[in-house]
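Results of the structural survey
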Amino acid sequence: MKARGAVLSRRNAHSAAITDWRTLQAGERVEIIKQAHVVATGEVEEVSQSGNVLWLVPAGPTEKQLFLKSDGVQVRRG
């Protein structure tokens, strides 16, 4: 039997921050988090080979956005 808390619930696993952006696929729905606030939601258009840059097609009527890991943003599946 595993210790309590050793296994993430589906919800927690789904909302956990993604540390390796290269695992994201084009068309996947994500949320961009900065300082504990959701700053953008949409679909992944592309991720750089280094995994440090992500292009997002926003859910709203705005143009695609570029996010840099070095800016301190986090990505989670949404």
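Everything below is about the structure shown above.
Let me begin by describing the structure that accompanies this report. (Residues numbered from 1 in each chain as written. Predicted model: local features only at pLDDT ≥ 70, side-chain atom pairs only at ≥ 80, totals over all residues. Heavy atoms only, no water.)

Turning our eyes to something else, we now look at the nonpolar core. Trp21, Leu24, Ile32, Leu54 and Val75 are the most contacted members of the largest nonpolar core, which totals 13 residues. Mapped by element, the contributors of at least two residues to this core are strand 1 (29–34), strand 2 (37–47) and strand 3 (53–58). At three residues, the largest contribution of residues to this core is made by strand 2. Setting aside its immediate chain neighbours within four residues, Leu54 contacts Trp21, Leu24, Ile32, Val44, Glu46, Val47, Gln65, Leu66, Phe67 and Val75. (Core = buried A, V, L, I, M, F, W, Y, C linked by side-chain atoms within 4.5 Å. Buried < 20%, exposed > 50% of the residue type's maximum accessible area, 1.4 Å probe, protein only. Helix = DSSP H or I, 4+ residues; strand = E, 2+ residues; numbered from the N terminus. Contact = heavy atoms within 4.5 Å.)

The next point concerns the sheet that holds strand 3. With respect to topology, five strands assemble into an open sheet ordered 4-3-2-1-5, the strand pairing being antiparallel. The outermost strands of the open sheet, each flanked by one partner alone, are strand 4 (65–68) and strand 5 (74–77). Each adjacent strand pair in this sheet contributes to an overall mean axis angle of 45 degrees, direction not counted. Sheet analysis places strand 1 next to strand 5, joined by four bridges and oriented antiparallel. The partner of Val30 across the bridge, within strand 5, is Arg77. (Pairing = 2+ DSSP bridges. Axes fitted to C-alpha atoms, helices over the stretch in contact; angles between N-to-C directions.)

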